[in-house]
Amino acid sequence: MEFLSQMWSLLGLLTILQNVLPTQLLSLLHSLWQSLQDSLTPYSYFDVPEFLGSAAVEPNALYRHVQLYLHRSLLLSSPSPPRLTLSLPRSVYGNACAAAAPPSVSLSPNHSVPDAFNGHRAVWTHHADTLQDSLEERRSFSLRLPKRHAAAVLPAYLAHLAAAADSLERSSRARRLHTNAASPRGSASWSSVPFCHPSTFETLALDPDLKARLLADLTAFADGREFYRRTGRPWKRGYLLHGPPGSGKSSLIAAMANHLRYDVFDLELTRVTTNADLRALLIQTTNRSLIVIEDIDCSLHLTGDRGLASTRRHKRRRAAASDDSSDSDDDVMGADNHRGKVTLSGLLNFTDGLWSCCGEERIIVFTTNHVDGIDPALLRPGRMDVHVRLGPCGAHAMRELVERYVGAGVGDQDMLDAAEGCIRDGAEMTPAEVGEVLLRNRDEPETAVTELAAELKARVNAADDLQWEDSAAELSDESPTKKGRKGFGGWEGKVRILGRLRSLTKSDSGRRGVSHDRRLHGRAIFEPRPARARTDVRHRTGRLIQLYLP
């Protein structure tokens with residue numbers, strides 16, 4: 001009791017001194033006490049406030065790094081701290097992309113969590129102080145390190161913390177799909193929505209070798225900060241995706257964005273009025289993004305710019321040589337050249353000019369159905385570094401789609417083998433067409449596989465019928481092809497065409513089990529071919545299709 005009474009007396013004396021002594025003297029005494037504690041303690045303390053400066057308006061990037069690092073490395077580990085704070089932002093509700101996201105976890109105020117780095121023990125403490133006469137909180141983290149090793153450990157520890165936080169931010173940040181809005185002149189800008197495309201490399205029906213090469217190239221690009229800095233190259237890469245409609249170009253772009261966790265900027269060139277607007281849009285894009293221009297051969301007439309400029313220069317030279325009226329012609333041409341439109345030169349500077357280096361870790365993707373319609377200057381390395389051709393569905397991709405749509409090991413395997421045989425015989429269907437056939441029969445696997453095989457067989461027959469019609473036209477006396485030839489004997493032409501028709505019938509005779517031939521050292525060797533069972537399938541058009549099963 002006597003001890004408690006003395007403590008109360010001391011507290012009362014301190015209260016009186018706080019009311020009597022000046023504020024400056026109290027601050028000095030507090031500083032002396034802190035200095036005495038710091039000299040006696042074996043630890044060093046480092047404060048990381050949430051905001052910088054006396055006004056506390058500039059965010060502290062290190063505070064965000066500490067938050068992410070503690071979330072990933074310490075708070076969810078075992079054993080976890082005694083008290084954690086769970087939060088779920090209101091913006092998650094109604095957002096299909098974030099609906100499945102787990103709540104965020106943070107360290108509760110005035111609690112600590114230990115960490116270890118290179119054999120040294122560190123302790124993080126979260127502080128949250130309420131400001132006087134205000135409802136706002138001033139939050140900060142404090143780091144405690146052994147005083148003897150603090151100077152040597154701190155730089156390496158902070159670098160380790162920043163790398164871990166950067167990796168977590170890549171995988172957890174919300175991504176968005178941007179498009180350039182049709183805005184008045186001089187105000188080019190982007191508008192965005194959450195990016196929720198489900199396509200991944202696991203769901204893409206691609207050739208395994210092509211998929212592995214793409215994944216390796218994308219991973220090397222994302223991890224190539226030091227390489228690009230060492231070689232003096234801008235940290236960007238260009239991809240050209242070309243192929244027929246429905247071959248999966250857009251799905252591949254979405255899979256690339258999901259794999260790298262990048263934002264997507266879908267640039268609509270027809271909405272851009274001038275090269276200056278194009279440059280302004282480029283400046284507004286963020287790092288770690290895919291800049292996509294789809295169907296570039298249809299967006300603008302870019303291939304004719306060089307030829308048109310050459311024609312105009314030639315006209316001006318002729319006008320200058322003939323009379324003195326070239327000044328008015330030059331004025332007209334100059335006005336035509338500088339009218340509001342995006343030119344090939346502007347697009348070249350967009351992809352590989354000085355302004356393309358205003359950011360880093362960017363991928364530029366062009367898509368086209370006809371690669372021959374693009375100016376070669378856009379396709380050279382440095383602009384489009386990787387050319388990816390996406391064609392019709394191969395046998396492996398077709399099996400992968402069947403397994404994904406109707407289930408692995410489900411369906412008629414003989415029909416599936418027959419469908420693969422049709423693909424090897426030249427039948428072509430894009431992944432979109434194969435997926436549609438399987439989608440409308442997804443509840444009946446055997447029907448789906450049968451209809452797919454019938455569709456492929458119908459395309460083989462259609463291609464054969466077209467070749468027969470062409471050959472018959474050449475045999476006809478009224479054939480324009482035959483009339484247009486000079487110096488080519490009639491009987492020689494018929495022999496050549498009959499040889500072509502014979503080559504077309506070889507596969508049919510082989511299917512009937514008669515024989516097939518192969519050539520060895522220039523000689524035709526005939527060998528029996530085993531007969532295959534035949535089944536009749538009615539195509540969706542009503543045509544009866546004969547499938548030969550192995």
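Remember, it's a predicted structure, so these values are computed and weren't measured experimentally.

Enquirer: Just give me the short version of the overall build of the protein chain, but keep the residues and values in it.
Expert: A tally of helices and strands in the protein chain yields 19 helices and 19 strands. Residue burial in the protein chain is summarised as follows: out of 550 residues, 34% are buried. Expressed as a percentage of contacts within the protein chain between residues at least 6 apart in sequence, the contacts between residues at least 24 apart total 66%. Total accessible area on the protein chain is roughly 32800 Å²; 55% of this is exposed by carbon and sulfur atoms.

Enquirer: Talk me through the packing of helix H5 (residues 208-222) against helix H7 (residues 249-260); I want residue IDs and the actual numbers.
Expert: Between two packed helices, what matters for the description is the angle formed by their axes and the separation of those axes. Relative orientation of the contacting elements H5 and H7 amounts to 45 degrees, with a least axis distance of 11 Å. On the basis of the axis angle, H5 is oblique to H7. Note on packing geometry: the crossing formed by H5 with H7 is right-handed. In this structure, H5 uses Leu214, Leu215, Leu218, Thr219 and Ala222 to contact H7, whose residues at the interface are Leu252, Met256, His259 and Leu260. Classifying every residue of the contact of H5 with H7 by side-chain character gives seven nonpolar, two polar and no charged.

Enquirer: I'd like to hear about the sheet that holds strand E7 (residues 120-130), residue by residue, with values.
Expert: Pairing in this open sheet of four strands is antiparallel, and the strands run E1-E8-E7-E6 from one edge to the other. The open sheet has two edge strands with one neighbour each: strand E1 (43-49) and strand E6 (111-117). Between one strand axis and the next, the sheet turns through 25 degrees on average, direction left out of account. Pairing analysis gives seven bridges linking E6 to E7, with the strands arranged antiparallel. Note that in E7 the partner of Ala116 across the bridge is Arg121.

Enquirer: Can you lay out the sheet that holds strand E13 (residues 289-293) for me, pointing to particular residues and giving the numbers?
Expert: The strand order across the open sheet built from seven strands is E10-E9-E12-E13-E14-E11-E15, with neighbouring strands paired in mixed fashion. In this open sheet, the two edge strands, each paired with only one partner strand, are strand E10 (190-194) and strand E15 (386-389). Between one strand axis and the next, the sheet turns through 20 degrees on average, direction left out of account. In this structure, strand E9 (residues 176-180) lies alongside strand E12 (residues 263-266), joined through three bridges in parallel fashion. Within the sheet, the bridge partner assigned to Thr179 lies in E12 and is Asp266. Against the sheet, H5 contacts strand E11 (236-242), strand E14 (362-368) and E15, and its axis sits at roughly 160 degrees relative to E11.

Enquirer: Which residues make up the nonpolar core, and what are the values?
Expert: Residues Leu252, Met256, Ile363 and Val365 are the most contacted members of the largest nonpolar core, which totals 29 residues. Residue assignment for this core shows that the elements contributing at least two residues are H5, E11, H7, E13, E14 and E15. Among the elements that line this core, the one with the most residues is H7, at seven residues. Once residues within four sequence positions are removed from consideration, Ile363 is found in contact with Leu218, Phe221, Arg237, Tyr239, Met256, Leu260, Tyr262, Ser289, Leu290 and Ile291. In this structure, Phe265, Leu282, Phe366 and Ala377 belong to the second largest nonpolar core, which totals 25 residues.

Enquirer: So what's going on with helix H4 (residues 150-172)? Residues and values would help.
Expert: For H4, built from 23 residues, the straight-helix expectation of 33 Å at 1.5 Å per residue is met to within 8% by its first-to-last C-alpha distance of 31 Å. Along H4, the residues that are buried comprise Ala150, Val153, Leu154, Tyr157, Leu161, Ala164, Ala165, Leu168 and Arg170.

Enquirer: Please give an account of the packing of helix H8 (residues 275-284) against helix H12 (residues 344-352) that cites residues and values.
Expert: Closest axis-to-axis distance for the H8/H12 pair is 9 Å, and the angle between their directions is 15 degrees. Between H8 and H12, the crossing angle belongs to the class labelled roughly parallel. Crossing geometry of H8 relative to H12 is assigned as right-handed. Here Asn275, Leu278 and Leu282 of H8 lie close against H12, whose contacting residues are Gly346, Leu347 and Phe350. The residue makeup of the contact of H8 with H12, split by class, is four nonpolar, two polar and no charged.

Parameters and conventions
- Residues numbered from 1 in each chain as written.
- Predicted model: local features only at pLDDT ≥ 70, side-chain atom pairs only at ≥ 80, totals over all residues.
- Heavy atoms only, no water.
- Helix = DSSP H or I, 4+ residues; strand = E, 2+ residues; numbered from the N terminus.
- Buried < 20%, exposed > 50% of the residue type's maximum accessible area, 1.4 Å probe, protein only.
- Contact = heavy atoms within 4.5 Å.
- Areas by Shrake-Rupley, 256 points an atom, 1.4 Å probe, with all protein chains shown as cover.
- Axes fitted to C-alpha atoms, helices over the stretch in contact; angles between N-to-C directions.
- Parallel < 35°, antiparallel > 145°, perpendicular 65-115°, else oblique.
- Left-handed = near helix turned anticlockwise from the far one by under 90°.
- Nonpolar A, V, L, I, M, F, W, Y, C, P; charged D, E, K, R; others polar.
- Pairing = 2+ DSSP bridges.
- Core = buried A, V, L, I, M, F, W, Y, C linked by side-chain atoms within 4.5 Å.
- Expected span 1.5 Å × (residues − 1).

The quantities given are spatial measurements derived from coordinates; they are silent on function.
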